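# An overview of the molecular structure
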Amino acid sequence: MAEIPKETDFIVVGAGVAGLRAAISLAEAGRVLVLAKRDLNESATQYAQGGVAVVLSDEDEVGLHLHDTIEAGDGIVNEAAAQILVEEGPDRIQELIEWGTQFDRDGSTLTFTREGAHSRSRVLHAHGDSTGREMGRALAAKAQTLPNISFRAFEFTADLLLSDDQRVCGINLVSDAGVFSAVTASGVLFATGGAGQVFRDTTNPAVATADGISMAFRAGAVISDMEFVQFHPTALFLKDAPRFLMSEALRGEGAHLLNGDHQRFMPDLHPMAELAPRDVVARAIAEQIAKSTVPDPVVYLDMRHLDALHLATRFPRILATCRQFGLDITRDLIPVRPAAHYLMGGVRTDLHGRSSLPGLYAAGETACTGVHGANRLASNSLLEGLVYGARAGMAMRNEVEYPPAKLRPQPDIPASGGNNDPERWVETVKNVMGRNAGVVRTLSGLREALEILESVENRMPPATSRRTCEAINLREAAELIIRSAIARKESRGAHYRTDFPTHDDANFKKHSRIEGIRVTFD
């Protein structure tokens, strides 16, 4: 692969749906450098099983999709952002189809399924349960036809570069050997995904270490809604197995949740039963687990009453993965527990992906437009990446008017102390967040977490390698989550505190905003 350039027009960090769609928009305006810290195919996009929600059926309406999005967001969805999502979504999906995306069909007709908190069947799938992978494939194929876009895999972005007038003008890369090099540009877009690796139990890939959010925060960008971490209710829970996502679409097809006594519990808790919003289902499962007296308690997904051939056709990846661990979804009860899945918060942006820092844009899970409110509606994330990736790319084209500026002098990075293993600190973060900032939170637990995270900050190794950069980013993001969770003295959506178990609309029907260590609401 060619050597990395020292200067370009636009830098896109991240090669998932949001980053690729932004790059396609940018290509008409100048040279676009797309960076991935690992393989170009390794992103949350590739693991998105459930599908993409969009109004393309004659039996559906944009207004209903908007209503469902707002309802799921529990009172603080940015309605302007949601309106854009549902109105522009159909055009973005039609565009993808024109670029070769193979969504599932019945003959020539697109097939739609229904997932939690949706009032209509509006979720498109591809190859059964490989929707994100197929969308990413089509976007990458389209991007590779555009001569202005160049790709670099295994390039780790360590930090933003700022000019003397506090404008973002590039990035610092760090090699495996710990050597730093600068790449300047007129604008930078972060599409680095979320922060799932802050938690031990997560459905996110290993690359989801909150890099874009933490880098933006260190550079001075406003961060919002970090307290809202969506825990997917059903991740495979087996000893020594990854927390593989058991898609919500399984419950959409009729799967039941059973407690340790093999009894259903959701019908007594919510009128939508297993298809209730994710935060409701996750807390219900957490309650069942808390009641149990057995080691490593779980609940079970039960699909034994469903048609085995249909399950095998509809969920080939899930079927194959479970079989690797000796489980057959058509005949066995599948042990599951909640796992960190999606971050509603991130770099605060406007409706065009602009952050509070001139020259810095964000899209996808890295960004926070407020479109998801306190709880993302199932299968809205891939659509958000498409819609807001395209919008951010279009807006960012104007940055070409600002040629790369003179860099501020970069501080020297101290040498490593030698005995600071970054894995030690990663484990500390994961342990404290899993124990104190999960589905159910307490003030004492949050305060304990903050104390631990603050105490390790100055004992962590300096940013002299890729893994130490990730460890620093994880600790930073964890503290942002904790400070925001302490400040929100209520329960809303994915944020539940036992000491404030209800809404406080008078004070907190707002978005959190964090700059430095201060959290405010607006």
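Reading the values: the criteria
- Residues numbered from 1 in each chain as written.
- Predicted model: local features only at pLDDT ≥ 70, side-chain atom pairs only at ≥ 80, totals over all residues.
- Heavy atoms only, no water.
- Pairing = 2+ DSSP bridges.
- Helix = DSSP H or I, 4+ residues; strand = E, 2+ residues; numbered from the N terminus.
- Axes fitted to C-alpha atoms, helices over the stretch in contact; angles between N-to-C directions.
- Contact = heavy atoms within 4.5 Å.
- Phe/Tyr/Trp six-rings, centres within 6.5 Å; stacked < 30°, edge-to-face > 60°.
- Buried < 20%, exposed > 50% of the residue type's maximum accessible area, 1.4 Å probe, protein only.
- Lys NZ or Arg CZ within 6 Å of the ring centre and 35° of its normal.
- Expected span 1.5 Å × (residues − 1).
- Polar contact = N/O pair within 3.5 Å; in protein donor to acceptor, adjacent residues only side chain to side chain.
- Salt bridge = Lys/Arg side-chain N within 4 Å of Asp/Glu carboxyl O.

## Describing the sheet that holds strand S10 (residues 168-174)
Overall, antiparallel pairing links the three strands, which are arranged S9-S10-S11 in an open sheet. In this open sheet, the two edge strands, each paired with only one partner strand, are strand S9 (156-162) and strand S11 (180-184). Between one strand and the next, the sheet's axes are offset by a mean angle of 30°, whatever the strand orientation. Here six bridges tie S9 to S10, and the two strands are oriented antiparallel to one another. The residue bridging Asp159 from the neighbouring strand is Asn172, located in S10. Helix H14 (residues 466-487) contacts S9 and S10 of the sheet and is inclined by roughly 65° relative to S9.

## Some thoughts on the sheet that holds strand S1 (residues 10-13)
Working definition: the strands of a sheet are paired by backbone hydrogen bonds and lie parallel or antiparallel to each other. Strands sit in the order S8-S2-S1-S12-S19 across an open sheet of five strands; the sheet is parallel. For this open sheet the edge positions go to strand S8 (149-152) and strand S19 (360-362), each flanked by a neighbour on one side alone. Adjacent strand axes in the sheet meet at a mean angle of 20°, parallel and antiparallel pairs treated alike. Bridge count between strand S2 (residues 32-35) and S8: four bridges; the pairing is parallel. Following the sheet pairing, Val32 is matched in S8 by Ile149. Those strands touched by helix H1 (residues 17-26) are S1, S2, S8 and strand S12 (187-190), and its axis lies near 165° from that of S1.

## Some remarks on the packing of aromatic side chains
Within the structure shown, the criterion is met by two aromatic pairs. Each ring, one from Phe199 and one from Phe231, has its centre 5.3 Å from the other, and the planes form 80°; the classification is edge-to-face. Here Phe231 lies in strand S14 (residues 229-236) and Phe199 lies in the loop between S12 and helix H6 (211-219), a separation of 32 residues in the sequence. The two residues Phe199 and Phe231 agree in class, both being buried. Aromatic side chains Phe508 and Phe521 sit 5.0 Å apart centroid to centroid with 80° between the ring planes, which places their arrangement in the edge-to-face category. Taken together, the residues span a long stretch of sequence, with Phe508 in helix H15 (residues 505-508) and Phe521 in strand S22 (residues 518-521) at a distance of 13 residues. Each member of the pair, Phe508 as well as Phe521, is classed as buried. Directly above the ring of Phe237 sits Arg337, whose terminal nitrogen or CZ lies 4.6 Å from the centroid. Above the ring of Tyr342, the side-chain terminus of Arg376 is found at 4.3 Å from the ring centroid.

## Here we look at helix H5 (residues 131-143)
Helix length check: H5, at 13 residues, gives a terminal C-alpha distance of 18 Å against a target of 18 Å (1.5 Å per residue), a fit within 8%. Within the span of H5, buried status applies to Thr131, Gly132, Glu134, Met135, Gly136, Ala138, Leu139, Ala140 and Ala143.

## Considerations on the side chain of Asn259
Mapping Asn259 onto the fold places it in the loop between strand S15 (256-258) and helix H8 (278-291). In contact with Asn259, not counting residues within four places along its chain, are Phe265, Gln288, Val299 and Tyr300.

## Looking at the environment of Glu515
One can find Glu515 in strand S21 (residues 512-515). Taking the relative accessible area as the measure of exposure, Glu515 reaches 40% and is therefore partly exposed. Taking the C-alpha atoms as reference points, Glu515 and Glu59, separated by 456 residues in sequence, lie 45 Å from one another. Every residue in contact with Glu515, bar those within four places of it in the chain, is listed here: Phe217 and Val222. Polar contacts involving the side chain of Glu515 include one to the side chain of Arg513, which spans 3.1 Å.

## Regarding the pattern of salt bridges
One pass over the structure, following the stated rule, counts 43 salt bridges. Across the pair Asp211 and Lys37 runs a salt bridge whose closest N-O atoms are separated by 2.6 Å. Here Asp211, found in helix H6, pairs with Lys37, found in the loop between S2 and helix H2 (44-47); they are 174 residues apart in sequence, far enough to count as distant. Its relative accessible area of 15% is what places Lys37 among the buried residues. Salt-bridge contacts for Arg513 lead to Glu515; the nearest nitrogen and oxygen are separated by 3.1 Å. Among the residues examined, Arg513 registers a relative accessible area of 24% and is labelled partly exposed. Among the charged side chains, a salt-bridge network with shared partners connects Asp159, Arg218, Glu454, Glu457, Arg475, Glu476, Glu479 and Arg483.

## Structural notes on the pairing of strand S17 (residues 334-343)
Of all ten residues in S17, nine are buried; the element is thus mostly enclosed. Examined bridge by bridge, S14 and S17 share six bridges and lie antiparallel to one another. Its bridge partner lying in S17, Val229 is registered against Leu343. In the sheet, strand S16 (residues 299-302) pairs with S17 via three bridges, with the strands oriented antiparallel. From the neighbouring strand, Val299 faces S17, where its bridge partner is Val336.

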